[in-house]
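Below, each chain spelled out in residue letters.
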Amino acid sequence: MKYPKQVKRYCPHCKKHSTQKVSEVKGKERGSLKHGSIRRAQKRGRGMGFGNKGKWGSKPAISKFKMTGAKTSKKTNLKFTCDICKKANIQGHGFRTKKLVFEQ
Ligand SMILES: [Zn+2]
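Residues numbered from 1 in each chain as written. Predicted model: local features only at pLDDT ≥ 70, side-chain atom pairs only at ≥ 80, totals over all residues. Heavy atoms only, no water.

A. View of the coordination of the zinc ion. Within the first shell, the zinc ion binds the protein through Cys11 (SG), Cys14 (SG), Cys82 (SG) and Cys85 (SG), at distances of 2.2 to 2.4 Å. Coordination at the zinc ion is tetrahedral: its four donor atoms span angles of 102 to 117° at the metal. When the donors of the zinc ion are listed by position in the chain, the intervening gaps give C-x2-C-x67-C-x2-C. On the criterion of sequence distance, the pair formed by cysteine 14 in the loop between strand S2 (6-11) and strand S3 (16-24) and cysteine 85 in the loop between strand S5 (78-82) and strand S6 (88-90) is long-range, its members being 71 residues apart. Take cysteine 85: its relative accessible area is 27%, and that puts it in the partly exposed class. (Donors = N, O, S within 2.8 Å, 3.2 Å for Na, K, Ca; no water. Tetrahedral: all angles 85-135°; square planar, octahedral: opposite > 155°, others 65-115°. Helix = DSSP H or I, 4+ residues; strand = E, 2+ residues; numbered from the N terminus. Buried < 20%, exposed > 50% of the residue type's maximum accessible area, 1.4 Å probe, protein only.)

Functional significance is not addressed by these values, which are geometric in nature.
Okay, here's the thing in structure tokens:
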């Protein structure tokens, strides 16, 4: 969906309405050797031996399709930066959309 680049909304820092720039917050991919990753557990020796290892095996216990489900859209995570105090505040609740395009 289309979303305006600038919106006029309430700024909790200035305690009044102001024009705010809109940008999307995108999460970063977690590293494969970070704490709690399966690859790290395998290096520790988990998933050794024979038989079905489930989560720790070479084949995934749950297919990627089942993990993501049948949903084709993702929730948005918008950041609003105030023009006056330059402070950013995050959108309270995201909405589902396939593609987000910022327009004037
Ligand atoms: Zn402000």
